[in-house]
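# An overview of the molecular structure
Listed here are the chains, written in short residue letters.
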Amino acid sequence: MEPQRSPLLEVKGNTELKRPLVKAPSRLPLPGSRFKRGPDQMEDALEPEKKRTRGLGTVPKVATSHPRATVLTTVPQTQGQTAAPKVPKKTGPRCSTAIATVLKNQKSGPAVPAQKPGTAAAPPMLVGKKPSKRPAWDLKGQLCDLNAELKCYRERTQILDRENQQLRDQLKEAQQQATALGAERRTLEGELARVQAEAEQGQQELGNLRARVLELEERLGTQEALVQELQKEQLGLQEERRGLAARLEEQERKLQTSEAALSGSQAEVASLQQEAVAQAALLAERGERLHGLEMERRRLHNQLQELKGNIRVFCRVRPVLPGEATPPPGFLLFPSGPGGLSDLPTRLSLSRSDERRGTLSGAPAPPTRHDFSFDRVFPPGSGQDEVFEEISMLVQSALDGYPVCIFAYGQTGSGKTFTMEGGPGGDPQVEGLIPRALRHLFSMAQELSGQGWTYSFVASYVEIYNETVRDLLATGTRKGQGGECEIRRAGPGSEELTVTNARYVPVSCEKEVEALLHLARQNRAVARTAQNERSSRSHSVFQLQISGEHAARGLQCGAPLSLVDLAGSERLDPGLALGPGERERLRETQAINSSLSTLGLVIMALSNKESHIPYRNSKLTYLLQNSLGGSAKMLMFVNISPLEENVSESLNSLRFASKVNQCVIGTAQANRK
């Protein structure tokens, strides 16, 4: 690549062409204007030239010494040496002294002639003929000397470039040879490894062959022994073959006999198949008959329940608990029926003495006896199983598609909750009507599944406290939010009622029911009263929606089973609590008595066939209206206390139950589709 042309060469060309120095594009000061530029301006004019020649390795160093003249000096370099240090730019007398010293050292150096190209030895440094000392004002002469030196250095550069190119060619050739030798070495190494692997493989195969020979020799000995054993075995097999041939002949004779028997069996099978077809037809006929009998059973069962009354009243007297005073003899009597002791008790006699009454002689008046008659009376010794046995047929009606409602009525502490839910501890002997009824329904649904019926059960459990509906199955953050529940129609034009925001839980086994009852006991509102330490202050309503379907016949039935534990029915004075919550207890008692009075009015209106039934006067009757009407069956347990101190409340409960027992509701109809 041709080096860049410097301003110094341009000046030299101008000199040779006899052109004025002023017209050259050099930045050196002209003789006529040396007094017009200062030292700094001279140095700035030469600075671009130094930048352009800095990469050539033989760049001349320019120094300024005096404002009137510019001194140029060149420091020669040899191969492997570095350039002379750059002289810093300075102005003034000190700078002039330094530049003069550099020029003196340069001029005093010996000149080395240039060596011919192509020689291997390192060329000596080329320095031009030592010029005579020129005066400081002879800038043109100094410029000529510098151009001569520059020409020498350029020739030296060309020689060094040619030598460098030759060395590069030699290096490239040596690298190619080294590459070829490396490839040949790798090839030989691979061949050597292959030969060694083949040798090792041959040695291994030789060892394997030797082992194989030994193994074959051993097998040969074994085979010879085996041949001898097989020959012996062959003799035995020949004997056995002859025996088998004899047995084969015998089996062939038996086979002929069996074939004859098979022909007879096939004829018998054909006869049995015809009989099976006849049996299938008979089975279908009996299935139809069984379905008809089931429908007849349901009709007769319903007729029997109607004969007993679509509204029935049972009276149950709880036993005396430990720590309570024993009632006097004759206080409670259970007269036997016309059949004597064999008849189930249906009557109850309660004696009441009034100390305020007396005869003219001053003697106390004889006690007043009150007689009551109900559909069934359970004395204190009656167990939970005996009570449920009496209502199991009524529970069966719910499975047949008839709405059924069973509720317990009585004062606080008379055993209503025990009758409906049972006692604590999970004892099967004291289970209440709710778990027993659901166990009976699950069992009967399983039996009817063999006839093509499938049943589903959905349970809900709410309480009505101060005319506010609460969900007893609420869990988590929903606890205590029963006020948000409202009674609504299930849909437009639907007669079915539902409670908004209440949980409806599908159940299919007893354990699920037990879990629901346990949760409901924890959520039910209770308070302490003068009658019972844990008195139920709300009506709890357990409803089970039963849905049955016979897919083969396209039959459907559904009905609710309502089991209600009413709040205590005591009057205001005995049930009034003492303490700071007296007003709250008073309000609770008023709400309870109001809803119970509405229940009595609804039953009376149904019995009298009135056009308006006051269901909406109470949340209790509004929720139970589908279980109280003419298509429903009702059963009321009136629970009374055996204690003489509760005789007043017991009489009130018995009188209310007697009024209900006198009511007659129309014929019930099953909810079928």
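Residues numbered from 1 in each chain as written. Predicted model: local features only at pLDDT ≥ 70, side-chain atom pairs only at ≥ 80, totals over all residues. Heavy atoms only, no water.

Looking at an unreviewed UniProt entry, one finds the chain named Kinesin-like protein and attributed to Ceratotherium simum simum. Heading Sequence similarities (unreviewed entry) of the UniProt record for the chain holds this comment: "Belongs to the TRAFAC class myosin-kinesin ATPase superfamily. Kinesin family. KIN-14 subfamily." If you open the UniProt record of the chain and go to Subcellular location (unreviewed entry), you find "Cytoplasm, Cytoskeleton". (UniProt positions renumbered as here; feature names shortened; annotations may be inferred.)

Assigned secondary structure in the chain consists of twelve helices and 18 strands. Here the chain holds 673 residues, and 36% of them are scored as buried. Taking as baseline every contact in the chain between residues at least 6 positions apart, the subset at least 24 positions apart corresponds to 68%. A total accessible area of about 40,000 Å² is found for the chain, and carbon and sulfur atoms account for 54% of it. (Helix = DSSP H or I, 4+ residues; strand = E, 2+ residues; numbered from the N terminus. Buried < 20%, exposed > 50% of the residue type's maximum accessible area, 1.4 Å probe, protein only. Contact = heavy atoms within 4.5 Å. Areas by Shrake-Rupley, 256 points an atom, 1.4 Å probe, with all protein chains shown as cover.)

Below, the discussion takes up the packing of helix α7 (residues 433–448) against helix α8 (residues 510–523). Two elements in contact, α7 and α8, have axes separated by 10 Å at closest approach and are oriented at 155 degrees. Classified by the angle their axes make, α7 and α8 are roughly antiparallel. Relative to α8, the crossing made by α7 is right-handed. Between α7 and α8, the residues in contact are Ile 434, Pro 435, Leu 438, Arg 439 and Phe 442 and Glu 510, Val 513 and Leu 517, respectively. Of the residues that constitute the contact of α7 with α8, the class distribution is six nonpolar, no polar and two charged. (Axes fitted to C-alpha atoms, helices over the stretch in contact; angles between N-to-C directions. Parallel < 35°, antiparallel > 145°, perpendicular 65-115°, else oblique. Left-handed = near helix turned anticlockwise from the far one by under 90°. Nonpolar A, V, L, I, M, F, W, Y, C, P; charged D, E, K, R; others polar.)

Here the focus is the sheet that holds strand β4 (residues 332–333). The three strands lie next to each other as β4-β5-β6, forming an open sheet whose pairing is antiparallel. With partners counted over all chains shown, the strands left at the sheet margins are β4 and β6 (368–373), one partner each. Here two bridges tie β4 to strand β5 (residues 347–352), and the two strands are oriented antiparallel to one another. What sits directly across from Leu 333, in β5, is Ser 349. (Pairing = 2+ DSSP bridges.)

With that settled, the discussion passes to the UniProt feature "binding site: ATP" (unreviewed entry) in the chain. If you check UniProt for "binding site: ATP" (unreviewed entry), the listed places come out as Gly 410, Gln 411, Thr 412, Gly 413, Ser 414, Gly 415, Lys 416 and Thr 417 in our numbering. Its location among the elements puts Gly 415 in the loop between β8 (404–410) and α6 (416–421). Apart from residues no more than four positions distant in its own chain, Gly 415 is found in contact with Arg 318 and Asn 639. Relative to the elements of secondary structure, Thr 417 occurs in helix α6.

Looking now at the packing of helix α5 (residues 384–399) against α7. One can describe the packing of α5 onto α7 by two numbers: an axis separation of 9 Å at closest approach and a directional angle of 50 degrees. With respect to α7, the element α5 is oriented oblique. The two elements α5 and α7 meet at a crossing, and its hand is right-handed. For the pair α5 and α7, contact is made by Gln 384, Asp 385, Val 387, Phe 388, Ile 391, Ser 392, Val 395, Gln 396 and Leu 399 and by Leu 433, Arg 436, Ala 437, His 440, Leu 441, Met 444, Ala 445 and Leu 448, respectively. Grouping the constituent residues of the contact of α5 with α7 by class yields eleven nonpolar, four polar and two charged.

Below, the discussion takes up the nonpolar core. Counting 51 residues, the largest nonpolar core has Cys 315, Leu 348, Phe 407 and Leu 628 as its most contacted members. Apart from the residues within four sequence positions on either side, Cys 315 is in contact with Leu 348, Phe 374, Arg 376, Val 377, Phe 378, Val 638, Ile 640 and Leu 654. (Core = buried A, V, L, I, M, F, W, Y, C linked by side-chain atoms within 4.5 Å.)

When β5 meets β6, the two strands line up antiparallel, connected through six bridges. Looking at β6, one finds that Leu 348 is bridged to Phe 372.

Our focus in this paragraph is the pattern of salt bridges. With the rule as written, the count across this model stands at 13 salt bridges. For Glu 215, the salt bridge goes to Arg 212, with nearest N and O atoms at 3.6 Å. Of this pair, Glu 215 and Arg 212 both sit in helix α4 (residues 139–308), three residues apart, which is roughly one turn of that helix. For Glu 215, a relative accessible area of 38% puts it in the partly exposed group. Under the relative-accessibility criterion, Arg 212 is labelled partly exposed at 38%. A salt bridge links Arg 439 to Glu 431, with the nearest nitrogen and oxygen atoms 2.4 Å apart. Take Glu 431: its relative accessible area is 15%, and that puts it in the buried class. Through salt bridges with shared partners, one network takes in Glu 191, Arg 194 and Glu 198. (Salt bridge = Lys/Arg side-chain N within 4 Å of Asp/Glu carboxyl O.)

Let us look at helix α9 (residues 582–607). An α-helical segment advances 3.6 residues per turn. Residues three or four places apart therefore align on the same side. Along its 26 residues, α9 runs 38 Å from first to last C-alpha, staying within 8% of the 38 Å computed at 1.5 Å per residue. Looking one or two places after α9, you find Lys 609, whose phi comes out positive at around 55 degrees. (Expected span 1.5 Å × (residues − 1).)

Residues apart from glycine generally show negative phi values, whereas peptide bonds are mostly found in trans. One non-glycine residue, Asn 466, lies in the positive phi region at around 55 degrees. When you line up the elements, Asn 466 lands in the loop between β9 (453–465) and β10 (468–471). Taking relative accessible area as the criterion, Asn 466 reaches 15% and is therefore assigned buried. Positioned with a positive phi, Glu 467 is a non-glycine residue whose angle comes to about 60 degrees.

It is worth spelling out the packing of aromatic side chains at this point. Summed over the entire model, instances satisfying the criterion amount to eight aromatic pairs. Chaining the aromatic ring pairs together yields one cluster made of Phe 314, Phe 378 and Phe 637. One residue, Lys 633, lies across the ring of Tyr 402, its end atom 5.1 Å from the ring centre. (Phe/Tyr/Trp six-rings, centres within 6.5 Å; stacked < 30°, edge-to-face > 60°. Lys NZ or Arg CZ within 6 Å of the ring centre and 35° of its normal.)

Across the chain, pLDDT averages 76, with 69% of residues at or above 70. Taken element by element, the predicted model of the chain shows its lowest mean pLDDT in strand β2 (residues 69–73) (37) and its highest in strand β13 (residues 505–507) (94). (pLDDT = per-residue confidence, 0-100.)

Looking now at α8. Between its first and last C-alpha, α8 extends 20 Å over 14 residues, near the 20 Å set by a 1.5 Å rise per residue. Contacts from the buried residues of α8 go to α7, β9 and β13.

This part covers the environment of Gly 568. With respect to the helices and strands, Gly 568 occurs in the loop between β17 (555–565) and α9. In the structure, Gly 568 is positioned 155 residues away from Gly 413 in sequence and 7.9 Å away in space, judged by C-alpha atoms.

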